[in-house]
Amino acid sequence: MGLENPSASSLTTEMCQFTILKGAAPVLAPRLGRLVLAGRKPISTPHFVPLTSRGTVAHLSHDVMRDQTSIASLYCGLEDFIEKDGPAVYKVPCTAQESPLRKFICMPDEITLVLGPRRAPPVPCPVPSTNNSVSILTSVGFRQLPASEWVDAVQKLRPDIVVGMADLATGTAAPGVKRRGKMVDRTHAYTRDATERLQRESSSPTATTTTTTTYFAPVLPLENTEQTIYLADLESELRPAIAGLALYESASLGVLPPALGDLPRLVFSEPATPHEVLRDISLGADLLTLPFVGALSDAGIALDFVFPSPSSSSASPSTSSTSLPLARDLWSDTYTTDVSPLSESCNCYTCRNHHRAYLHHLLAAKEMLAWTLLQIHNHAVVDAFFAAVRASIERETFESDIHSFARMYEPDFPDKTGQGPRYFSFHSSSSSSSSSFDISDYAGTKSSPQAQTRRNATQKRTVV
């Protein structure tokens, strides 16, 4: 059954508009854009989408997030909410114009809510996906999420953007030839069936809601030749039903057909450092998820970088034999009496009101305020970073600015030395026998096994 429905296509355009302000759509190059969804705060791209746990940014209460951050979008994983039959998120009373998900997590109307089947980054599941379902991990254990249940959830929760279901290999081993073939066939079937059902029921005269969800179709982290039929279907039959693309490695930006070049691209490549973020942006990424932001806050590490480089000449590495650190581990005794702000260039609430010695004291005392202040600061640094990136693209100095940034800063973040504040059951796999937890294992940082596997595969492939 085809999806050629002009009225549905115009509805998608009306609810979600993405405009490329600078940069050619089909070319592997940085580009400026503006994503506008009806009733939501416009998002200038490139930008990042903060990650949540059960719909909340870790350590940030709603009033703190509203008053002390510039967060305009959030990513939620359905597996966070469906740990048992009849989950509470489905029982929120709403009008036809309201989103049960938004009401359940108490987010204001201007925040764009992105919903995917799994958390980002996902925890590997011991049981593989099937032709009709994907494996997920809820707070009470592993189970299968049927494709039909996923579409039901989207229709009930009504997020602003839904990331389509995909069969992804989340383990450390690269999938074999047969496994890759199944990944493509299943993802193609998930996408075709979900878009067809969502389009049919949203245009039905008996529809009970007036809200429309924007669908981002997944693109697998595989070679172009392995998903040719699926990509061709996305640019032809399925094109009226999709309003964006979700990619799982930056190399996938090179396999996109030119006809899909005008769509916004949400990339789940789990970059481990700002250097890798810049690489993804240089290839045309519009929106990215950055697990390292929350992971570093948990680890007691404060970000300390600006793009393209610090304005003070005294900070130039030409006067020193070492590069500048990307972040500071505030657990270190070095900061016991340091009354400098966390970052000299930052103007966030934390840096205006507190200093490194105070944060060091809070961490040593295991005060929850430490991680709240760190989360405010780290999100502010990354927000300023992306604003500077957009300005650099506008000036057409992005390429030279990347080289300047690489020369100025160290390649990696400092190692974690302190103890994080929390432990979630989904942070460890069922096969793990260790009771200890290293936040970097599942946070998309440099030691994340699945992220490292994808980065190694990306480095071996040539983007044409």
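The structure contained in this document is the topic of the report that follows. Because the structure is predicted, anything quoted here is derived from the model rather than measured. (Residues numbered from 1 in each chain as written. Predicted model: local features only at pLDDT ≥ 70, side-chain atom pairs only at ≥ 80, totals over all residues. Heavy atoms only, no water.)

Let us look at the overall build of the protein chain. Each helix and strand counted, the protein chain has 13 helices and 15 strands in total. Counting over 464 residues, the protein chain shows a buried share of 51%. Of the roughly 19,500 Å² that the protein chain leaves accessible, carbon and sulfur atoms contribute 53%. (Helix = DSSP H or I, 4+ residues; strand = E, 2+ residues; numbered from the N terminus. Buried < 20%, exposed > 50% of the residue type's maximum accessible area, 1.4 Å probe, protein only. Areas by Shrake-Rupley, 256 points an atom, 1.4 Å probe, with all protein chains shown as cover.)

The next point concerns the side chain of Thr-273. Summarising the element assignment, Thr-273 is placed in the loop between β12 (265–267) and α7 (274–282). Leave out the neighbours within four places in its chain, and Thr-273 touches Phe-292, Pro-411, Asp-412 and Phe-413. (Contact = heavy atoms within 4.5 Å.)

Next up on the list: unusual backbone geometry. A cis amide bond links Thr-45 to the next residue, Pro-46, at an omega of 5 degrees. The amide bond that connects Ala-120 to the next residue, Pro-121, takes the cis arrangement and shows omega of -5 degrees. Note on placement: Pro-121 falls in the loop between β6 (112–116) and β7 (133–138). Backbone geometry places Glu-270, a non-glycine residue, at a positive phi of 55 degrees. Tracing the sequence through the fold places Glu-270 in the loop between β12 and α7. The residue Glu-396 is not glycine, and still its phi comes out positive at about 65 degrees.

Our next topic: the pairing of strand β2 (residues 32–37). In the sheet, strand β1 (residues 16–22) pairs with β2 via 6 bridges, with the strands oriented antiparallel. Residue Thr-19 lies in a different strand from β2, and its bridge partner there is Arg-34. Sheet topology note: the β2/strand β3 (residues 43–45) ladder contains 3 bridges and is antiparallel. Across the sheet, the residue bridging to Arg-34 is Ser-44, located in β3. In this structure, the hairpin formed by β2 and β3 is closed by a connection of 5 residues, where Gly-39 is found at a positive phi of approximately 80 degrees. (Pairing = 2+ DSSP bridges.)

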